[in-house]
Amino acid sequence: MSQSSQLWAGLHCPALPLMAVWQLSSIAGPLAVHDSMRGQARLLQVNALARQHGAQPGQSLSQALAVLPHLQSRSRCRQSESRILEQMALLAYQHSHQVSLAPPDTVLLEVGGSRRLRGGLRPLLEELRDEALGSGLQLRIGLAPAASAACLLARHDLRVSDPAAMKTAIGGLAIDHLVLKSDQRKAIRDCSLRQVAELTALPRAERARRFGADLNHYLDELHGHLSTPLAQWQPPEVFGLRLELPVPTVRSDALMFVFNRALDTLRRWLEVRDQGLTRLQVRLEREDGGPDNAFDIGLARPGFDQDRLLELIQLKLDGLKLAGDVDAVKLDADSTAERRPAQSDLLDGTNRSDAWPALLDRLSARLGESGLSSLAPAQDHRPEHAWTWVPPGTSAPCRDRRPRPSWLLPAPRPCRREYLALEEGPERIESGWWDGQDCLRDYWIARDGKGRQLWVFQEHQPRHGWFIHGLFG
Amino acid sequence: MHSSHSSSSLNKLLSQRPDLWRGRRQPRGRALPSGRADLDRWLPDQGWPSGRLTELMPACLGLGELGLLLPVMAQQTRIARPVILITPPWIPCPQRLARAGVALDQLIVVRDAHHGFWAAEQGLKSGLCGLIMLWPPRGRVSERSVRRLQLAAEKGPAPAFICYRPDQSAPPSLAALRLAIHPGPSLEMLRGGAPHHERFHLGRSNVIAWPGTRRAPRLLSEITRDDPTVSIARSRQSAAQPEPCP
């Protein structure tokens, strides 16, 4: 495999620290992220609105709050930053199976293979950018025949596809943008070199002598003369996601915003692993340390429909009584490789086969699993044990052809013989000795004072007496 | 008394003249065959009103309201149009349903009494269901929920039934049909038909399936002779083994 056919795209998120703490919030005010620098909280990044009102990166937090009292700032969260980087990798993995992380804020993907697919690279890169934007991430995208160069050019939103153009593009950058050790940087500055081109114009030996041999190695990687060792990124085997809310809340619209973002990630994960969702377990963690609220959403058919899932989550949230603010949401997914594609109904052309499971899901989201069932016959001679509730739509066909009433009482109810006018019978039922439930009964059709036809029996053992067991009606 | 008698015979006479247009007759809506030809003739639209609400008012629960609908439930579930029974008062017996020809995997029972009306609306609006029957929970039934049910029914082709308890009064509604069920059982049309419509006697055949009196259980397989659903049941049974004696 010749290395020259490779082409790397770099996805760079310039506002990663800011996004990491505010991605899950729909707040439209001035926002910032701060970090502790030399014992003082200083702004690291600010959004456009905060900048307009005078907040600047590098400012101390107290100073910024004095200028802009309604500025909302959160402290930097490196864990969330690496979560977003994983999210970007998942996004990239949908388009390429050669994906690497370039922490802290860039993801690389090999796109040489996609050059001739889907009408070229431009639509692919546009699609990546749009998808990221849909998840609230603004990306810069670089393109270069060498991975190292793609990583560097991504910071400047520069795209080149052949080595000569790459050399020019890199050469035009300021040396400050290279990833250099501080002593190297100082030595280069002391030589009053400004642009990368000036540095590469120097003879190799001269560079090695003045700035160290590893600078040549780095420049070789940048120009694609040496390949950069990259660790391949793989999507996780199972899906689990825990999202911390920027502002703890009980408001269902704020929670739904978080769920929508979480489902974006879940959808990508299912796509790249070619899985269908079967069950989603949701846990809402309380800020005050109170008991978590948890619910499950089971799907009648493996698949994924984001709008439908959001609707189901909304139904579940409506039914919950949240006693305190939620500060984190945890999602775990059960999935299966079995994905049945939606079929169209031959008769009316609507997507019936998909719509029916969707209706069942919606019903069971509100009614709960015990609130929605189908009926199935069970193998037992005693009529009260000859039926069972089963999950909707899973009943086996019934082969029992003995006459039975339309209605069964949940359990036989004692009654007085004198209130019954026996009409037909008896049918003797004698069974159950194998599980210690042996019984001997004679079933009759009888009529009660209201003119209803009842299914009654006289029990001879273990109890004695008359019981109503069902109604014909 | 005399006048009511003469007008009922007049009605009978008039009904024998298909060429005669009668202004009182409501415009005929779509209807689903009930599964019984005599019942279809009696019902105003020659079947159960589809995409509309029918109210059943049995004198007491268990008087025949489920048996009445078994044939149409069988017919709908066999063409994969699911039937939803919402908070029925007792457990519909799966053996009885299956013998009437109902495909059990197309039958859903909603058991959560708090969300019965909501579930019925969802089912009706989806346009996927073959029949929906709701038993409202004890207590007063609000006019608004029945009205909403009626509107939801109009969204799809399914016939919708609401079955009131004897102690519940039906709120004012725009239901297409309102039937009382009397012991017998017999049906009386309270709304939807001509004012002096005669009662319809369901007969025991509709609600019962049992061998002749005091026959030994070994003859149980003969029982379905007078069951209206037997034609479906028998065609299903043809391949099955004869039932072993209990």
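Note that the structure is a prediction, hence the values are computed from the model and not measured.

Here is what the cut-offs are and how they apply
Counting starts from 1 at the beginning of each chain's written sequence and moves along it residue by residue. Throughout, the order in which chains and ligands are written sets their labels, letters from A for the former and numbers from 1 for the latter. Whole-chain, interface and lining totals are the exception, using all residues; otherwise, since this is a predicted model, local features are given only for residues with pLDDT of at least 70 and side-chain atom pairs are given and counted only at 80 or more. Calculated side-chain values reflect all of the structure's heavy atoms, with hydrogen atoms and water omitted. Here a strand is any run of E in DSSP of at least two residues, a helix any run of H or I of at least four, and the numbering for each starts at the N terminus. Exposure classes here rest on a 1.4 Å probe applied to the protein chains alone. A residue is buried below 20% of its type maximum, exposed above 50%, and partly exposed in between. Any two residues whose heavy atoms approach within 4.5 Å at even a single point are treated as in contact. Residue burial considers only the protein chains on display, and all accessible areas are found by Shrake-Rupley using a 1.4 Å probe. In short, DSSP must find at least two bridges between two strands for them to pair. What counts as an axis is a line fitted to C-alpha atoms, over the stretch in contact for a helix, and the angles between N-to-C directions run from 0 to 180 degrees. Aromatic pairing here means that ring centres of Phe, Tyr or Trp (its six-membered ring) are within 6.5 Å. Orientation follows from the plane angle: under 30 degrees is stacked, over 60 is edge-to-face, and everything else is tilted. Nonpolar cores were defined as sets of buried Ala, Val, Leu, Ile, Met, Phe, Trp, Tyr and Cys residues, with membership established by side-chain atoms within 4.5 Å. pLDDT gives the predictor's per-residue confidence on a scale running from 0 to 100. Distance and chemistry together define a polar contact, namely a pair of N or O atoms within 3.5 Å, with one atom able to donate a hydrogen and the other to accept it when in protein, and with adjacent residues in sequence counting only for side-chain atoms on both sides. Salt bridge criterion: a side-chain nitrogen from Lys or Arg within 4 Å of a carboxyl oxygen from Asp or Glu.

**Q** Any chance you could explain the overall build of chain A here in plain terms?
**A** Within chain A, the secondary structure is distributed over 14 helices and 18 strands. Relative to its 473 residues, chain A shows a buried fraction of 50%. Put simply, of all contacts in chain A between residues at least 6 apart along the chain, 57% involve residues at least 24 apart. On chain A, roughly 22400 Å² of surface is accessible, and the fraction owed to carbon and sulfur atoms is 50%.

**Q** Looking at this structure, I do not really get the sheet that holds strand 9 (residues 276-286) of chain A. What am I missing?
**A** Working definition: the strands of a sheet are paired by backbone hydrogen bonds and lie parallel or antiparallel to each other. Residues and elements named next belong to chain A. Pairing in this open sheet of 4 strands is antiparallel, and the strands run 8-11-9-10 from one edge to the other. Unpaired on one side and paired on the other, strand 8 (240-249) and strand 10 (293-303) mark the two borders of the sheet. Shown here is a sheet whose adjacent strand axes are inclined to one another by a mean of 15°, direction ignored. Across 6 bridges, the pairing between strand 8 and strand 11 (residues 326-336) is antiparallel. Counted as the bridge partner of Thr 249 is Val 326 from strand 11. Sitting on the sheet, helix 12 (residues 252-273) is in contact with strand 8, strand 9 and strand 11, with an inclination near 30° to strand 11. Helix 13 (residues 306-319) rests against strand 9 and strand 10 of the sheet, and its axis sits at about 150° to strand 10.

**Q** Would you mind showing me how to read the packing of aromatic side chains here?
**A** When we look at a pair of aromatic rings, we describe it by the centre distance and by the angle of the planes. Here the structure, examined in full by the defined rule, presents 10 aromatic pairs over all chains. When the centroid spacing of 5.2 Å and the interplanar angle of 85° are considered together, the rings of Trp 48 of chain B and Phe 161 of chain B count as edge-to-face. One end of the pair, Trp 48 of chain B, is in strand 2 (residues 48-49); the other, Phe 161 of chain B, is in strand 8 (residues 160-163), with 113 residues separating them in the sequence. Just as Trp 48 of chain B is buried, Phe 161 of chain B falls in that class too. Cluster of aromatic residues (ring-pair linked, three or more members): Tyr 443, Trp 455, Phe 457 and Phe 467 of chain A.

**Q** So what exactly am I meant to see when it comes to the nonpolar core here?
**A** Most often, soluble globular proteins have nonpolar side chains that are buried together. Met 88, Phe 259, Leu 266, Leu 280, Ile 313 and Val 329 of chain A together with Ile 84 of chain B are the most contacted members of the largest nonpolar core, which totals 94 residues. If you tally residues by element for this core, the top one is helix 12 of chain A, at 10 residues. When residues no more than four places from it in sequence are discounted, the contact partners of Leu 266 of chain A are Phe 239, Leu 277, Leu 280, Phe 304 and Ala 333 of chain A. Membership of the second largest hydrophobic core comes to 61 residues, among which are Ile 429 and Ile 445 of chain A together with Ala 74 and Cys 163 of chain B.

**Q** Please explain the confidence of the model for chain A as it appears in this structure.
**A** Predicted coordinates in areas of low pLDDT are best not read in detail. Residue and element names in this part refer to chain A. Model confidence for chain A is summarised by a mean pLDDT of 88, while 94% of its residues fall at 70 or above. The lowest-confidence element of chain A is helix 14 (residues 352-367), averaging 84 in pLDDT; the highest-confidence one is strand 1 (residues 8-12), averaging 96. Low pLDDT, under 50, characterises residues 341-350; the predicted model gives this stretch 10 contacts beyond four residues in sequence or across chains.

**Q** Which parts of the structure should I look at to understand the side chain of Gln 59 of chain A?
**A** Residue and element names in this part refer to chain A. Topologically, Gln 59 is positioned in the loop between helix 2 (48-52) and helix 3 (61-67). Accessibility expressed as a relative area gives 13% for Gln 59, which makes it buried. A distance of 2.8 Å separates a polar atom in the side chain of Gln 59 from the backbone nitrogen of Gln 56. What Gln 59 contacts, discounting residues up to four positions off in sequence, is Ala 41, Arg 42, Leu 43, Gly 54, Ala 64 and Val 67.

**Q** What am I meant to see in the pattern of salt bridges here?
**A** All names here are of chain A. Under the counting rule described, the total for this entry stands at 40 salt bridges over all chains. For Asp 35, the salt bridge identified is with Arg 76, shortest N-O distance 3.7 Å. Remark: Arg 76 occurs in the loop between strand 4 (72-75) and helix 4 (78-93) and Asp 35 occurs in strand 2 (residues 31-37); sequence separation between them is 41 residues. Residue classification places Asp 35 among the partly exposed residues on the basis of a relative accessible area of 22%.

**Q** How should the environment of Leu 178 of chain A be read in this particular structure?
**A** Residues and elements named next belong to chain A. Considering the arrangement of structural elements, one finds Leu 178 in the loop between helix 7 (163-171) and helix 8 (182-190). With a relative accessible area of 2%, Leu 178 lands in the buried category. Once the C-alpha coordinates of Leu 178 and Leu 152 are considered, the two residues, 26 residues apart in sequence, prove to be 7.5 Å apart. Discounting residues that sit within four places of it in the chain, Leu 178 has contacts with Leu 152, Arg 185, Val 196, Leu 199, Tyr 218 and Leu 222.

**Q** Explanation requested: the sheet that holds strand 4 (residues 83-86) of chain B in the structure shown.
**A** Within the open sheet, the 10 strands sit side by side as 13(A)-12(A)-6(B)-4(B)-7(B)-8(B)-3(B)-9(B)-10(B)-11(B). Their pairing is mixed. Looking at which strands have only one partner, the edges of the open sheet turn out to be strand 13 (387-390) of chain A together with strand 11 (200-201) of chain B. Contacting strand 3 (53-58), strand 4, strand 6 (107-110), strand 7 (131-134), strand 8, strand 9 (177-182) and strand 10 (186-191) of chain B, helix 3 (residues 65-78) of chain B crosses the sheet at an angle of about 150° to strand 4 of chain B. Docked against the sheet, helix 6 (residues 143-153) of chain B engages strand 3, strand 7 and strand 8 of chain B, running at close to 135° with respect to strand 3 of chain B.

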